[in-house]
Amino acid sequence: MTYRLSDFGSFHVGGRKVVVRDQPTRMMSYTPASPPTEKDPNGIYWIDQAYVQYFIPEDSADRLPIIFLHGGGLTGVTWETTPDGRPGWLQLFLKWGYPVYVVDQPERGRAGFSVVPNTWDGEPMSRAAEEAWTLFRFGDADGFDRRTNYPGCDFPVNALEAFIKQAVPRWTTTRPIHIAAFADVIDRIGPCTVICHSQGGDTAHPVVTARPEIVRNVVALEPSGFAPDPIADPLKGQRYLYVYGDFIDRHPMWRQLDQPARSSAERLRSAGAEVDWWSLSDHGLPGQSHMLMMDRSSAKTAALVRDWIAKGRA
C-alpha cells in the first residue's frame with residue numbers, strides 16, 4: 001500500500017499534575033548491572049493525558065481529518081494492521097487521502113497509566129482470551145479450544161493469539177477522565193470526523209454532541225455507550241452512522257445493548273442530527289464480528305464507511 005505523507009508525528013494532550021509528598025525513599029537498582037540508588041518517589045507527576053499519533057497525506061486539504069478512538073482494554077493499535085497482517089483502517093483512510101489521528105486514551109498504550117496511589121479508584125482488569133472469544137462474538141465458549149467460530153464468522157481465528165496480544169489492562173472507573181481527555185483531543189484538532197469503537201462510543205458521545213460545529217460526522221462501530229439524555233445542544237447538520245455486525249443474539253450483553261443504542265439514535269434524530277443505522281449483513285457483508293475493523297472483510301466495511309462520510313461535510 002503506497003501513499004505519500006506531508007507530515008506525521010504525535011503529541012500528548014490533556015491530563016493533570018499530581019504532587020506526591022512525604023513518602024519514604026528506598027534503595028533500588030534500575031538495571032541488574034547498576035549499583036543501588038536512592039529512589040525518592042516525591043515530586044511532580046502527570047497523569048490522565050491522552051496520546052495522539054497523526055499522519056497527514058499529501059493533497060488532503062479538502063478532507064476532514066479522521067479521529068480513531070479505540071474500545072475497552074485496547075489501544076490505537078486497533079486501527080493499524082489487522083492481526084493477520086492486512087492493512088488496517090489507518091492505512092486505508094490514508095490511502096484514500098484523509099488525515100488520520102489515532103488516539104490512545106488515558107491509562108492505555110503510550111498514554112501510560114498512573115502508579116501514584118489513590119489517583120484512580122479501583123484496580124485494573126485484563127481480558128482473558130476466552131472472554132474475548134465470546135464477548136467479541138467470534139464463537140461460543142465450547143468452540144474456543146478448537147477455534148471453531150460461528151458458521152460464517154468473518155474474524156480470522158488463525159490470528160486470535162496476535163489479537164489477544166493487543167489487549168492491555170484497563171480501569172472501569174476512569175470514564176470522566178476519558179471524556180475530558182477526548183474533549184481536549186477534539187478541541188486541539190478542530191473540525192473532524194470521529195470513528196469510535198465499543199467503549200469508545202461511551203467516551204465519544206458526550207463529547208461530540210457538545211461540539212456539533214466541530215465534529216461533523218460520527219461513525220459508531222458497535223458502541224457500548226450512547227448519546228446523553230437530554231442532549232444539550234441542537235445537532236442540526238451533524239451526521240451519525242451506527243454500524244453493527246452479526247451474531248448479536250449470541251451474547252447477553254449485546255442483546256441488552258440493542259435497545260439503548262436504538263434509543264440513542266432516536267434522541268440524536270430528535271435533536272436534529274442525521275442518523276443512519278447499518279447492519280453490515282444488509283450491505284452484503286455477513287458474518288462480521290465485534291472487531292469488524294479486523295474481520296476479513298474489513299477493507300470493504302471501511303470503503304462503505306468512507307463513502308458514507310463523503311456524502312456529508314467531508
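Note: the structure precedes this text.
The structure contained in this document is the topic of the report that follows.

Reading the values: rules and limits
Residues numbered from 1 in each chain as written. Predicted model: local features only at pLDDT ≥ 70, side-chain atom pairs only at ≥ 80, totals over all residues. Heavy atoms only, no water. Pairing = 2+ DSSP bridges. Helix = DSSP H or I, 4+ residues; strand = E, 2+ residues; numbered from the N terminus. Axes fitted to C-alpha atoms, helices over the stretch in contact; angles between N-to-C directions. Contact = heavy atoms within 4.5 Å. 1 Å grid on protein atoms, 1.4 Å probe; cavity = no way out; pocket = protein on both sides within 12 Å on 5 of 7 lines; lining within 4 Å. Points joined across faces, edges and corners; volume = space filled by probe spheres on them. Nonpolar A, V, L, I, M, F, W, Y, C, P; charged D, E, K, R; others polar. Buried < 20%, exposed > 50% of the residue type's maximum accessible area, 1.4 Å probe, protein only.

1. Comments concerning the sheet that holds strand E4 (residues 43–57)
- An order of E1-E4-E6-E5-E7-E8-E9-E10 is seen for the eight strands of this open sheet, with the pairing classed as mixed. Each edge of the open sheet is held by one strand with a lone partner, namely strand E1 (5–20) and strand E10 (274–279). Ignoring strand direction, the axes of neighbouring strands in this sheet form an average angle of 15 degrees.
- Relative to E10, strand E9 (residues 239–244) is paired through six bridges, and the arrangement is parallel. Bridge assignment links Tyr244 to a residue of E10, and that residue is Ser279.
- Here helix H5 (residues 199–208) sits on the sheet and contacts strand E5 (66–69), strand E7 (192–197), strand E8 (215–221) and E9; the angle it forms with E7, its principal contact strand, is near 145 degrees.

2. Examining empty space enclosed by the protein
- Across all of its chains, the model carries one cavity of 30 Å³ or more by this definition.
- Space inside the largest cavity adds up to approximately 70 Å³.
- Lining the largest cavity are Gly72, Gly73, Leu74, Arg127, Ala132, Phe136, Phe163, Ile164, Ala167 and Val168.
- For the lining of the largest cavity, a count of residues per class yields seven nonpolar, two polar and one charged.

3. Points about unusual backbone geometry
- Pro230 follows Asp229 through a cis peptide bond whose omega is 5 degrees.
- As for its position among the elements, Pro230 is in the loop between E8 and E9.
- One non-glycine residue, Asp59, lies in the positive phi region at around 60 degrees.
- On the secondary structure map, Asp59 appears in the loop between E4 and E5.
- By relative accessible area, which is 69% here, Asp59 ends up exposed.
- The backbone phi angle of Arg147 is positive, close to 55 degrees, even though this residue is not glycine.
- Residue position: Arg147 is located in the loop between helix H2 (129–135) and helix H3 (160–164).

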